[in-house]
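Structural overview
The primary structure of each chain is shown beneath.
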Amino acid sequence: MSGLSEPQRGPSDDPSHVEPPLPPQTKRSSPKPPQPSTPGPIPEDEAFSQKTVDGRRQTEQFPNSIEAEEGPEEEDEFLAEGWDGSSKASTSVTSSIYAHTYENGRRYHSYRYGRYPIPNDDQEQNREDMKHAMMMELTDGKLYLSPIGPNPQKIIDIGTGTGIWAIEMGDLFPGAEILGLDLSPIQPQWVPPNVRFMIDDVEDEWANGSEWDFVHLRGMALVLRDLQKAVDQIYQHLKPGGWIEFQESHGEPRCDDGTMDHETDVMKKFWALCVEAMAKFGMNLNMPVVVGNFLERAGFVNITCVKKKTPVGTWPKDKTMRLIGLYVKEAALQSLSALGKAFANLGMDAVEREVFSAKVREAVMDGKVHRYYYFYFWFAQKPYDNKEGDGGGGDS
């Protein structure tokens, strides 16, 4: 879009380039929800620290370094395994807002046009589903980390995108009411009978009912212009003891082994340009790091932050991390054309964007540089009777 064209030789032309397995369209087989009283077992290779903010304890997780691969990769290592291809989809989704706006060959939502500078066409939807598949690998098949218990009745997915998370939750909890909200009507026409979608702007006044057991947001902290207002409204409409969870990627490149030059790295410059470009649309890409502050101010308790490393590329030694890295790499490559409109706002013309995109592609494909991003899971509980300690949610 916006004149961002592919260079003559792209990843698909490179014989060393491996396409990732197609993202699953339904839930992974038998994901198990955590127990209601605790956030689940702490992995032995992860470290947690405690801190107190305004008298409330927060828990934060710090992952260890990712070990890099030294030998050759297995030929079949990226074959999809363990995914359940069935779904109970049976009910048509209804919406009256199916108009779209096209710009430079890419499609955008027309509802609140100009609010969100990322397309909603098939290419972007595939990228979103790929990110979902990456998240499922990162969490070992868990759709959420919050201890919501075995029988939630009302679940809302804010910024549902393609609807894949809401659909999988509908399959996982067939007795629950699942509502997905988004600016774009890009969700599938056939969904589980307990799942429905609505076109809505969460930054408007809340019009989606109350007494929700669980509110889920993925990739929303960095795009909401007034995150505190959104969190406050969620707090007001959660039932006492209900949970909120943010799942947020922070795309600042990091490196633990010295293979990335922090001063000259192209991916670091790419990240800086993304931050600058999206700020012009009122978005703060660094917001995932500080979600806990907004949860605190709203009144949530049992606040927990789980921070995981997601490699960029297939350089890790661990097979699961290599697959995660492949998804992350592909999502990064595909984001280049999606960001054309945002970069054009910085005054970059089509030629400048194409040249810079080629440099970013080259950097992403370089497996000798061991970059990674952080992925944040923030979850917190609304206290019972608005009094901390009465919720029975357990220590985080």
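Reading the values: the criteria
Residues numbered from 1 in each chain as written. Predicted model: local features only at pLDDT ≥ 70, side-chain atom pairs only at ≥ 80, totals over all residues. Heavy atoms only, no water. Helix = DSSP H or I, 4+ residues; strand = E, 2+ residues; numbered from the N terminus. Buried < 20%, exposed > 50% of the residue type's maximum accessible area, 1.4 Å probe, protein only. Contact = heavy atoms within 4.5 Å. Areas by Shrake-Rupley, 256 points an atom, 1.4 Å probe, with all protein chains shown as cover. Core = buried A, V, L, I, M, F, W, Y, C linked by side-chain atoms within 4.5 Å. Salt bridge = Lys/Arg side-chain N within 4 Å of Asp/Glu carboxyl O. Phe/Tyr/Trp six-rings, centres within 6.5 Å; stacked < 30°, edge-to-face > 60°. Lys NZ or Arg CZ within 6 Å of the ring centre and 35° of its normal. Pairing = 2+ DSSP bridges.

The helix and strand tally for the protein stands at eight helices and 13 strands. Within the span of the protein, comprising 396 residues, buried residues form 55% of the whole. Taking all contacts inside the protein whose residues are at least 6 apart in sequence as the whole, residues at least 24 apart take part in 77%. Of the accessible surface of the protein, which amounts to about 17,300 Å², a share of 49% is contributed by carbon and sulfur atoms.

Attention now goes to the nonpolar core. If you look at the biggest cluster of nonpolar residues, it comprises 95 residues, and the most contacted ones within it are Ile-158, Met-169, Phe-246, Leu-295 and Phe-300. Contacts of Ile-158, omitting those with residues within four sequence positions, involve Leu-181, Val-202, Trp-206, Val-215, His-216, Leu-217, Arg-218, Met-220 and Ile-234.

At Asp-140, a residue that is not glycine, the phi angle is positive and equals roughly 60°. Note that Asp-140 resides in the loop between helix 1 (122-138) and strand 6 (154-158). Even without glycine at this site, Glu-211 takes up a positive phi of about 60°. Following the sequence through the fold, Glu-211 ends up in the loop between strand 9 (195-199) and strand 10 (212-218). Since its relative accessible area comes to 45%, Glu-211 is described here as partly exposed.

Glancing now at the pattern of salt bridges. Side chains that carry opposite charge are capable of pairing whenever their charged atoms lie near each other. For the structure shown, the criterion picks out seven salt bridges. Glu-67 serves as the salt-bridge partner of Lys-317, at 3.6 Å between the closest nitrogen and oxygen. Here the residue Lys-317 occupies a position in the loop between strand 12 (301-311) and helix 6 (319-338), and Glu-67 occupies one in the loop between strand 2 (56-63) and strand 3 (91-92), the gap between them amounting to 250 residues. With relative accessibility at 52%, the residue Glu-67 sits in the exposed group. A salt bridge links Lys-239 to Asp-213; its shortest N-O distance comes to 3.3 Å. Of this pair, Lys-239 sits in strand 11 (residues 238-254) while Asp-213 sits in strand 10, and the two are 26 residues apart along the sequence. Exposure remark for Lys-239: the relative accessible area of 28% places this residue in the partly exposed category. What emerges from the salt-bridge pattern is a single network uniting Glu-252, Arg-254 and Lys-268.

Considering all chains together, one arrives at 10 aromatic pairs under this definition. Here the aromatic cluster, defined as three or more aromatic residues joined through ring pairs, consists of Tyr-144, Trp-165, Phe-173 and Phe-214. A cation over an aromatic ring shows up here: Lys-154 above the ring of Trp-212, its NZ or CZ 4.5 Å from the ring centre. For Arg-297, the ring lying beneath its charged end belongs to Phe-294, and the centroid distance is 4.8 Å.

Once that is clear, we can look at the side chain of His-250. Counting through the fold element by element, His-250 comes out in strand 11. The exposure class of His-250 is buried, given its relative accessible area of 2%. Once you skip the residues sitting within four places of it in the chain, His-250 turns out to touch Trp-271, Leu-285, Asn-286, Pro-288, Val-289, Tyr-373, Tyr-374 and Tyr-376.

Our next topic: the pairing of strand 9. Only one face of strand 9 is covered, namely the face carrying Val-195, Phe-197 and Ile-199; the face carrying Arg-196 and Met-198 is uncovered. Bridge analysis of strand 7 (residues 177-182) against strand 9 gives five bridges, and the strand direction is parallel. By the bridge assignment, Asp-182 is partnered in strand 9 with Ile-199.

Another aspect to go through is the environment of Leu-181. Checked against the element boundaries, Leu-181 lands in strand 7. For Leu-181, a relative accessible area of 3% translates into the label buried. Residues Leu-181 and Leu-217, 36 residues apart in the sequence, show an inter-C-alpha distance of 10.0 Å. If we skip the residues at most four places from it in the chain, Leu-181 touches Ile-156, Asp-157, Ile-158, Gly-159, Thr-160, Met-198, Asp-200 and Asn-208.

Keep in mind these numbers describe shape, not what the thing actually does.
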